[in-house]
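A look at the structure
Now for the letters of each chain:
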Amino acid sequence: MTALTLKNVKRSFHQGSKDVHVLKGIDLTVEPGELVALIGSSGSGKSTLLQVAGLLDDSFTGDLAIGGKKIAGLSDDARSRLRRTELGFIYQFHHLMPDFTALENVAIALQIAGVGKSAAAEEATAVLTGLGLEERLDHTPAKLSGGEQQRVAIARAIIGKPSLLLADEPTGNLDEETAARVFALFLKTIKSRGMSALIATHDRDLASKLDRQFQLKDGKLVEL
Ligand code: ADP
Ligand code: MG
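Residues numbered from 1 in each chain as written. Chains lettered and ligands numbered in written order. Predicted model: local features only at pLDDT ≥ 70, side-chain atom pairs only at ≥ 80, totals over all residues. Heavy atoms only, no water.

Broken down by element type, the protein carries 7 helices and 10 strands. Computed over the C-alpha atoms, the radius of gyration of the protein is 17 Å, within 12% of the 17 Å expected from 2.2 N^0.38 for a compact globule of 224 residues. In terms of its C-alpha atoms, the protein occupies a principal-axis envelope of roughly 50 × 40 × 35 Å. Split into buried and exposed, the 224 residues of the protein put 48% on the buried side. Contacts spanning at least 24 positions in sequence make up 70% of the contacts within the protein whose residues lie at least 6 apart. Taken as a whole, the protein presents about 11,200 Å² of accessible surface, with 48% of it coming from carbon and sulfur. Across the protein, the mean location of the 27 positive side-chain charges is 4 Å away from that of the 28 negative side-chain charges. (Helix = DSSP H or I, 4+ residues; strand = E, 2+ residues; numbered from the N terminus. Rg over C-alpha atoms; globule rule 2.2 N^0.38 Å. Buried < 20%, exposed > 50% of the residue type's maximum accessible area, 1.4 Å probe, protein only. Contact = heavy atoms within 4.5 Å. Areas by Shrake-Rupley, 256 points an atom, 1.4 Å probe, with all protein chains shown as cover. Lys, Arg positive; Asp, Glu negative; His and termini not counted. Charge placed at Lys NZ, Arg CZ, Asp CG, Glu CD.)

This is the structure in C-alpha cells:
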C-alpha cells in the first residue's frame, strides 16, 4: 500500500482565451515513511500538484490514490473524511488564528476531530514541547517569531497523526538560517512519527535531506 500514487495526472487552467497546461502527465509514488522533495521554479506547478494530491482540487484527469484508496468515485463526504484523517498540510504562510494562543491553535485541530478539551491540550502541549515551544504555549502568533510560527503550524499539521504530510514551501518565508533549523526539526519530528511527506521547496540544499527528489519542469516530473 502506497501513501500516495499519482498516475498520468494532468491539470490545466483557463487563462483568458487560452488553456495553460500546468501538469502534463505526472506519475509519482510516495511509500509509507518516505520523504519526497518537489523542486521547481516559481510557476512550475508545485502548488497545483500539492492541491491535487491534497484533495483540494478535483479538476484534474488521471488517477490519484491516498493510502492505497482510489479517489475517483468517492463521495464528497468520503473525500473530506480522508482529507481530515489521512492528510496534514503546511503552507508557506502559517494561517494560524491570530486571536488564539499557540496551544489553542494546535489543540483545536484535535478538538475538531472529536478529542476532549483537556486531552487535546495535553497532546498539543507535548507536540509543541517536542518542537521546542514549551515556553511559548500561551503566546498568540503575533508574539512569536517567524520560525516559531512555522513550528506551531507544523505542530497543528501533525497532531492528528496524518499518514501523509503535504508541505508547500514550509520554510520559504524564513531567513536561510532559521529555515535550515526549522526544516531539520520538521524532518526529525515527522521521521520519528513514521509519516510520509511530499514537500515542495525551491531550496535544493533542504531537498537533498529527503529520501528522493523530483523536479517539476515543463509540466513533467524528473527524478534527480
Ligand atoms: P508554483 O507553486 O510552482 O509556483 P503554481 O502551481 O502556483 O506554481 O502555478 C503554476 C501555474 O499555474 C502558473 O502559471 C499559475 O499562473 C497557474 N495557475 C495556478 N493556479 C491557477 C488558477 N487558479 N487559475 C489560473 N491559473 C493558475
Ligand atoms: Mg507555490
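There is more to say, and it comes next.
On to the pattern of salt bridges. Enumeration according to the criterion identifies 7 salt bridges in this entry. A salt bridge links aspartate 57 to arginine 11; its shortest N-O distance comes to 2.8 Å. One end of the pair, aspartate 57, is in the loop between helix 1 (46-53) and strand 4 (61-66); the other, arginine 11, is in strand 1 (residues 4-15), and 46 residues separate them in sequence. Via salt bridges that share partners, Glu34, Arg212 and Glu223 belong to a single interconnected network. (Salt bridge = Lys/Arg side-chain N within 4 Å of Asp/Glu carboxyl O.)

Attention now goes to the pairing of strand 2 (residues 18-30). Pairing between strand 1 and strand 2: 10 bridges, direction antiparallel. Within the sheet, the bridge partner assigned to leucine 4 lies in strand 2 and is valine 30. Two successive antiparallel strands, strand 1 and strand 2, enclose a turn made up of 2 residues, where glycine 16 displays a positive phi of approximately 65°. (Pairing = 2+ DSSP bridges.)

One open sheet holds the 6 strands; their spatial order is 6-7-8-3-9-10, and the pairing between them is mixed. Pairing within the sheet leaves two strands with one partner each, and these edge strands are strand 6 (87-90) and strand 10 (220-223). In this sheet, neighbouring strand axes are inclined to one another by 20° on average, regardless of whether the strands run parallel or antiparallel. Pairing of strand 9 (residues 212-217) with strand 10 involves 4 bridges; the strand directions are antiparallel. Paired with glutamine 215 across the strands is valine 222, a residue of strand 10. Relative to the sheet, helix 1 contacts strand 3 (35-39), strand 6, strand 7 (164-168), strand 8 (196-200) and strand 9, its axis offset from that of strand 7 by approximately 155°. Packing against the sheet, helix 6 (residues 176-192) makes contact with strand 3, strand 6, strand 7 and strand 8, and its axis sits at approximately 155° to strand 8. (Axes fitted to C-alpha atoms, helices over the stretch in contact; angles between N-to-C directions.)

All right, on to the packing of aromatic side chains then. For the structure shown, the criterion picks out 2 aromatic pairs. Relative to tyrosine 91, the ring of phenylalanine 89 has its centre 6.2 Å away and its plane inclined at 5°; by these criteria the two rings are stacked. A relative accessible area of 28% places tyrosine 91 in the partly exposed class. (Phe/Tyr/Trp six-rings, centres within 6.5 Å; stacked < 30°, edge-to-face > 60°.)

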